[in-house]
Amino acid sequence: MESTEERTRAAAALLQEAVYRSRETQAAAGGLAMPGGNCGLGHKAAVNLELSPRAAVLFRFLWPMQPDDPSMLRIQAVLAEWVRRQDALDRRRNHFLKDFRHAHGFDRTRYTAEQRAEFESGLERINAEENEKRAQAAEELLSAGG
């Protein structure tokens, strides 16, 4: 039997696969290139829960037996919610980068030590929050599947 840690890592990877698939859909629809999106992500998250080949492998690892219909609905709800949460986190990161670069320029080699520290700590805060929320969502996903 797989360890809890392996299952949690696989669940987090499945969440990311859902984001990648959804971003592909968003890009194909022109969502990532739409003017006015301001952060490069378009106007809102696109949610596509069709499993990529890698996601299908992860899904079978997590649930070797096909989950029943209520469990599948819970799994899909957790995946869809994660896509939207990831989109919000990515927008926050992109807006931070945009605002920081607007204030200090694009050339990081010209940042002072204080500006570099501010830049890195800002990204670190957002990335840490993303990692924490992904771990929580992975736990929710595992619970959803029974």
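The structure displayed is predicted, hence computed values, not measured ones. (Residues numbered from 1 in each chain as written. Predicted model: local features only at pLDDT ≥ 70, side-chain atom pairs only at ≥ 80, totals over all residues. Heavy atoms only, no water.)

Undergrad: I would appreciate a short explanation of the nonpolar core in the present structure.
TA: General note: in soluble globular proteins, nonpolar side chains tend to be found buried as a group. The biggest cluster of nonpolar side chains holds 25 residues, and the ones touching the most others in it are L14, L15, L62, W63, I75, L79 and L141. Of all elements in the fold, only helix 1 (4-28), helix 2 (53-62), helix 3 (69-104) and helix 4 (113-144) reach the threshold of two or more residues within this core. When residues in this core are grouped by element, the largest group, eight residues, is from helix 1. L14 has contacts with L51, A55, L58, F59, L62, W63, L79 and L141, leaving out every residue within four places of it along the chain. Residues F96, F100, Y111 and F119 belong to the second largest nonpolar core, which totals seven residues. (Core = buried A, V, L, I, M, F, W, Y, C linked by side-chain atoms within 4.5 Å. Buried < 20%, exposed > 50% of the residue type's maximum accessible area, 1.4 Å probe, protein only. Helix = DSSP H or I, 4+ residues; strand = E, 2+ residues; numbered from the N terminus. Contact = heavy atoms within 4.5 Å.)

Undergrad: Looking at this model, I keep getting lost on empty space enclosed by the protein. Mind explaining?
TA: It is a probe the size of a water molecule, rolled over the atoms, that shows where empty space is left. Evaluated as defined, the whole model comprises two cavities of 30 Å³ or more. Among the elements that take part in the lining of the largest cavity, helix 1 stands out by supplying four residues, more than any other. Looking at the lining of the largest cavity residue by residue, the class counts come to six nonpolar, two polar and three charged. Roughly 40 Å³ of internal volume is contained in the second largest cavity. Along its surface, the second largest cavity is lined by V19, S22, R23, Q26, A45, A46, V83 and D87. Tallying contributions element by element places helix 1 first for the lining of the second largest cavity, with four residues. Residues that form the lining of the second largest cavity fall into these classes: four nonpolar, two polar and two charged. (1 Å grid on protein atoms, 1.4 Å probe; cavity = no way out; pocket = protein on both sides within 12 Å on 5 of 7 lines; lining within 4 Å. Points joined across faces, edges and corners; volume = space filled by probe spheres on them. Nonpolar A, V, L, I, M, F, W, Y, C, P; charged D, E, K, R; others polar.)

Undergrad: What am I meant to see in the pattern of salt bridges here?
TA: Where side chains of opposite charge bring their charged atoms close, a pairing between them can arise. Tallying each qualifying case throughout the model produces 14 salt bridges. The salt bridge involving E5 is made with R9; its shortest N-O contact spans 2.6 Å. Taken together, the positions of E5 and R9, both in helix 1 and four residues apart, correspond to about one turn of that helix. Across the salt bridge formed by E17 and R54, the nearest N and O atoms sit 3.8 Å from each other. (Salt bridge = Lys/Arg side-chain N within 4 Å of Asp/Glu carboxyl O.)

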